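Next come the chains, spelled out residue by residue.
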Amino acid sequence: MRIIFMGTPEFAVPVLDALVAAGHDVVATYSQPPRRAGRGKAFTPSPVHARAEALGIEVRTPLTLRDAEAQAAFAAPEADVAVVAAYGLILPRAVLDAPRLGCLNVHGSLLPRWRGAAPIQRAILAGDAETGVGIMQMEAGLDTGPVRLEERTPVDAKTAGELAAELSAMGARLMVQVLADPEAHPPVPQPEDGVTYAPKVHKAEARLDFTRSAVEVERQVRAFNPAPGAWFEYAGERIRVHSAEVLPLPAGGTSGLVLDLASPGLVIACAAGAIRPILVQRAGRGVMTSEELLRGFTIPAGSRL
């Protein structure tokens, strides 16, 4: 098939690779414009942009698809279908209707649960036992379209990064399957019950909230790994937490209090239970255990975080 691919982050790269490997003709790739990144703040292309260029595919980075010129350019290749994976722009009706088979989206949740921008992180934060990925026929509403094919996976103790990699590979495989025989995978309307929304993650959410239960705090750690990265602050310095475990709360512990358990590492009381950071990182330093952190950065028992 002649395909227009639309995606931006690393999550979308395996989908693009799978389309090419399956022998489809990817006539153009749409991605978000390069952003400033790194210490030098140089303009850096998105992962999809970089991969498409490496594959010799034309890359387009419009700021909007709402004007007539952009819509005409989108329709010009006369694609059979547009494949969308975490692109980041709203697709107007003229774009949705341009390809012969419309636009198919790889969505990282079991719709109608977690419609929106951050389904993987919201599933972890909510403590969902399972999630999955669906191939959705796009329409004008926010992730309201019918689903052609889906697959499930347990969340377990996975980080957002681990879950995203799994769902990306799963979605790539399902997309190739649907495109191989679209009639064998007709669109099925989403259930009317069970709708939830997954708003975009804001950096402020990544600050660990010890007034919550230890179970919820540990979910924060996993949901914001690798980005934006969960953290707490002590002595004016942010300490990033890459992984943590939940412990029973000793008598007398109160939220945010550093506890003295006569055991290695850092233990912090929460509203229910306690959290022990396992891997942490100071600004400008490498990842280390919390025991290694405390050798050079004292956080005395009784401190409040």
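Up top you'll find the structure we're talking about.
To keep things clear, this report deals only with the structure shown in the data block.

Our next topic: the environment of threonine 144. Summarising the element assignment, threonine 144 is placed in the loop between β9 (130-137) and β10 (147-154). Residues threonine 144 and leucine 125, spaced 19 residues apart in sequence, show a C-alpha to C-alpha distance of 22 Å. If we skip the residues at most four places from it in the chain, threonine 144 touches Arg115, Met136, Glu139 and Gln190. Among the polar contacts listed, one links the side chain of threonine 144 to the side chain of glutamate 139, at a separation of 2.7 Å.

Moving on, we come to the packing of helix α1 (residues 13-21) against helix α2 (residues 47-54). In the contact formed by α1 and α2, the axes pass within 9 Å of each other and the chain directions differ by 25 degrees. When the axis of α1 is compared with that of α2, the two are roughly parallel. Two packed elements cross with a definite hand, and for α1 against α2 that hand is right-handed. Residues Val13, Leu16 and Asp17 of α1 lie in contact with α2, whose contacting residues are Pro47, Val48, Arg51 and Ala52. Grouping the constituent residues of the contact of α1 with α2 by class yields five nonpolar, no polar and two charged.

Take the nonpolar core next. Ranked by internal contacts, the top residues of the largest apolar core, which has 40 residues, are Phe5, Leu19, Val83, Val106, Ile120, Met175 and Leu179. At the level of secondary structure, the elements contributing two or more residues to this core comprise β1 (2-7), α1, α2, β6 (81-85), β7 (103-107), α5 (119-125), β9 and α6 (160-180). For this core, the element with the highest residue contribution is α6, accounting for 10 residues. Beyond its immediate stretch of four places on either side in the chain, valine 106 contacts Phe11, Val15, Val84, Ala85, Val133, Gly134, Ile135, Gly171 and Met175. In this structure, Phe232, Ile268, Met288 and Phe297 belong to the second largest nonpolar core, which totals 22 residues.

Another point: the pairing of strand β15 (residues 274-282). One ladder, built from eight bridges, connects strand β13 (residues 237-247) with β15; its direction is antiparallel. Following the sheet pairing, leucine 247 is matched in β15 by alanine 274. Here strand β14 (residues 268-269) runs beside β15; their pairing, made up of two bridges, is antiparallel. In the strand pairing of β15, alanine 269 is matched with alanine 274. Between β14 and β15, which pair antiparallel in sequence order, lie four residues; one of them, glycine 273, sits at a positive phi of approximately 80 degrees. In the sheet, β15 pairs with strand β16 (residues 288-289) via two bridges, with the strands oriented antiparallel. Paired with leucine 279 across the strands is threonine 289, a residue of β16.

Time to look at the layout of surface pockets. Its boundaries defined by the atoms lining it, the second largest pocket holds a volume of some 240 Å³. Along the wall of the second largest pocket there are 13 residues; nearest its centre are Pro228, Gly229, Trp231, Arg238 and Arg240. The greatest single-element share of the lining of the second largest pocket, amounting to three residues, is contributed by β13.

This part is about the side chain of glutamine 220. Within the secondary structure, glutamine 220 sits in helix α7 (residues 214-223). We classify glutamine 220 as buried; its relative accessible area is 2%. Beyond its immediate stretch of four places on either side in the chain, glutamine 220 contacts Leu125, Glu205, Arg207, Leu208, Asp209, Arg212 and Ala230.

So, how was this worked out
- Once a new chain begins, its residue numbering starts again from 1 and follows that chain's sequence as written.
- With pLDDT at 70 or above as the cut-off, local features in this predicted model cover only qualifying residues; side-chain atom pairs require 80 or more to be listed or tallied, and sums for whole chains, interfaces and linings still use all residues.
- Note: side-chain values were computed over all heavy atoms of the structure, leaving out hydrogens and water.
- Only runs of H or I of at least four residues qualify as helices and only runs of E of at least two qualify as strands under DSSP, and these elements are numbered from the N terminus.
- Only heavy atoms enter the contact rule, under which two residues are in contact if any of them lie within 4.5 Å.
- Each polar contact in these results corresponds to two N or O atoms within 3.5 Å; when the atoms are within protein, one needs to be able to donate a hydrogen and the other to accept it, and residues that are neighboring in sequence are counted only if both atoms are side-chain atoms.
- Here the axes come from fitting lines to C-alpha atoms, over the contacting stretch only for helices, and the angles between their N-to-C directions go from 0 to 180 degrees.
- Comment on the angle field: the value is read as roughly parallel under 35 degrees, roughly antiparallel over 145, roughly perpendicular from 65 to 115, and oblique elsewhere.
- Here is the rule for handedness: rotate from the far helix to the near one, and if that takes an anticlockwise turn smaller than a right angle the crossing is left-handed, while a clockwise turn gives right-handed.
- Residue classes follow a fixed rule: Ala, Val, Leu, Ile, Met, Phe, Trp, Tyr, Cys and Pro count as nonpolar, while Asp, Glu, Lys and Arg count as charged, and any other residue, Gly among them, counts as polar.
- Here, nonpolar core refers to any group of buried Ala, Val, Leu, Ile, Met, Phe, Trp, Tyr and Cys residues whose side-chain atoms link them within 4.5 Å.
- Note on classification: 1.4 Å probe, protein chains only; a residue is buried when its accessible area is under 20% of the maximum for its type, exposed when over 50%, partly exposed between these limits.
- Two strands are said to pair when DSSP picks up at least two bridges between them.
- Cavities and pockets were defined on a 1 Å grid built from protein atoms only: a cavity is a group of points that admits a 1.4 Å probe but offers it no way out, a pocket is an open group of points flanked by protein on both sides within 12 Å along at least five of seven lines, and a lining residue is one with an atom within 4 Å of any such point.
- Grid points are joined across faces, edges and corners, and a volume is the space filled by probe spheres set on the points.

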